[in-house]
Amino acid sequence: MPLPRRLSAVLAATLAAVLLTPQAADAAPPAPSSMASLGDSITRAFNACGFYVDCPSRSFSTGTAPSINSHYQRVLAVNPAIAGRNHNDARSGATSADMAGQAATAVGQGVDYVTILIGANDACASSEAGMTPVSTFRSRIDTALDTLKSGLPQARVLVISIPDLKRLWQVGKGNVLARSAWALLSICQSMLANPTSTAAADNARRDRVRQRVIDYNTQLAQACAAYGPNCDFDGNAVFNYPFTLSQVSGWDYFHPNAGGQTVLASVSYQAGFGW
């Protein structure tokens, strides 16, 4: 029996509304055909394959080593067009001050996807006083994101939270090799100086450095939200992940080793765009 004209019209309108719902509009975007990674020594996979060398093949973001299962490798599995179009623009020792230049490099490469992990070196100074002010950090991040947005308006940007530096102190302070490396190499003394001290002043210093990282991550989240729907913050997934000492380099007890890079790839990718 044919439906009455009025009912047919109602059903048609309902179907159209369902097809145009936000859920349909919010479906995952197409997988990118090129990508770039911005950041510091973590993204360069420093110390992940040799003594005091960058190991970009083991980068959590653009690496090619099969064991890492990087962002690049995960995208490659769903979009072969990205093959060979993975650019690691990060630089060991970089801080937020270097992000605008790295962003400009990514724009010149015309990529579809960009990962950003920066801020550890802004907090890891020779002393607490040397940390980058939060307002300066935010201004630099805004400049870099503005460069990406104007130069790559269709690209997707994943902003990754800074790892919890106090977690590193917690898992390493009881290890004599870690303590020796931190002291001899002057690693992140704002957090890692006097690692076995239980003095109130040292505990308060560690808490302030951790709070600075939290403040940086808050600014990263807000800057990404201001960027718009093409930017995704990881929701502090990396900051909240309980890294273990076995996942950091045995040469400096600071940078992620291959296992740490593998975990970082998994945690950050799952918190991203979901290709």
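Refer to the structure presented above.
Let me sum up the structure you'll find in this document. All of these numbers come straight from a predicted model, not from anything done at the bench.

A word on empty space enclosed by the protein. Scanning the model with the defined rule gives two cavities of 30 Å³ or more in all. What the largest cavity holds in volume is close to 260 Å³. Lining the largest cavity are 16 residues, with Pro163, Leu168, Phe243, Val248 and Phe254 positioned closest to its centre. Broken down by element, the lining of the largest cavity gets its largest block of residues, four residues, from helix H7 (residues 165-172). The residue inventory of the lining of the largest cavity, partitioned by class, reads 13 nonpolar, one polar and two charged.

One pass over the full model with this rule turns up three disulfides. One disulfide bridge connects Cys49 with Cys55, the sulfur atoms lying 2.1 Å from each other. Judged by the sign of its S-S torsion, about -90°, the bond between Cys49 and Cys55 is left-handed. Since its relative accessible area comes to 42%, Cys49 is described here as partly exposed. Judged by relative accessible area, Cys55 falls into the buried class, the value being 1%.

Within the largest apolar cluster, 69 residues are counted, with the highest numbers of intra-cluster contacts made by Ile116, Leu148, Val157 and Leu192. Residue contributions to this core peak at seven residues, all from helix H10 (residues 200-227). The contact partners of Leu148, leaving out residues within four places of it in the chain, are Leu38, Ala103, Ala106, Val107, Val114, Ile116, Pro153, Val157 and Tyr227.

Calculation rules
Residues numbered from 1 in each chain as written. Predicted model: local features only at pLDDT ≥ 70, side-chain atom pairs only at ≥ 80, totals over all residues. Heavy atoms only, no water. 1 Å grid on protein atoms, 1.4 Å probe; cavity = no way out; pocket = protein on both sides within 12 Å on 5 of 7 lines; lining within 4 Å. Points joined across faces, edges and corners; volume = space filled by probe spheres on them. Helix = DSSP H or I, 4+ residues; strand = E, 2+ residues; numbered from the N terminus. Nonpolar A, V, L, I, M, F, W, Y, C, P; charged D, E, K, R; others polar. Disulfide = S-S within 2.5 Å. Buried < 20%, exposed > 50% of the residue type's maximum accessible area, 1.4 Å probe, protein only. Core = buried A, V, L, I, M, F, W, Y, C linked by side-chain atoms within 4.5 Å. Contact = heavy atoms within 4.5 Å.

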